[in-house]
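# Coordinates in review
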Amino acid sequence: MLRSPHGEQLTPLPLWRPEPILPGQTVRIMVEVEATTWQAVGAYTLTLWGEDRGSVVLENVTFP
């Protein structure tokens, strides 16, 4: 889930990863979201959940 600085939530298109991400492993994550040009402005907070419902929160995510 992406949350805008204004509290708006954008739901990413389905994510797929062929294998789990292990602790300490470095990976590249690409997230695709349908958003208007106006919605793509500012720094977002990205929250990712694993199969075990644990989460990772990344702040200051921006669009190119």
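See the structure above.
One numbering rule holds for all chains: residues counted from 1, following each sequence as written. Residue-level local features of this predicted model are given only where pLDDT is at least 70; pairs of side-chain atoms are given and counted only at 80 or more, and the full residue set underlies all totals for whole chains, interfaces and linings. Only hydrogens and water are removed before side-chain values are computed, so all heavy atoms of the structure are retained for them.

### Some thoughts on the pairing of strand E3 (residues 44-49)
Within a regular strand, side chains alternate between the sheet's two faces. A pair of strands is considered paired only if DSSP assigns at least 2 bridges between the two. Numbering of helices and strands runs from the N terminus; a helix is a DSSP stretch of H or I covering at least four residues, while a strand is a stretch of E covering at least two. Relative to E3, strand E1 (residues 2-3) runs antiparallel, the two sharing two bridges. When the sheet's bridge partners are listed, Leu2 is paired in E3 with Leu46. Of the strand pairs in this sheet, E3 and strand E4 (residues 55-61) are connected by five bridges, and their pairing is antiparallel. Considered in E4, the bridge of Thr47 is made with Val57. Linkage of E3 to E4, two consecutive antiparallel strands, is achieved through a turn of five residues, within which Arg53 is found at a positive phi near 70°.

### Notes on unusual backbone geometry
For residues other than glycine, phi is negative in most cases, and the peptide bonds are mostly trans. With a phi close to 60°, Asn60 is a non-glycine residue in the positive phi region. Assignment of secondary structure puts Asn60 in strand E4. What makes Asn60 exposed here is its relative accessible area of 61%. Exposure categories follow from relative accessible area, calculated using a 1.4 Å probe and restricted to protein chains: below 20% of the type maximum is buried, above 50% is exposed, and the middle band is partly exposed.

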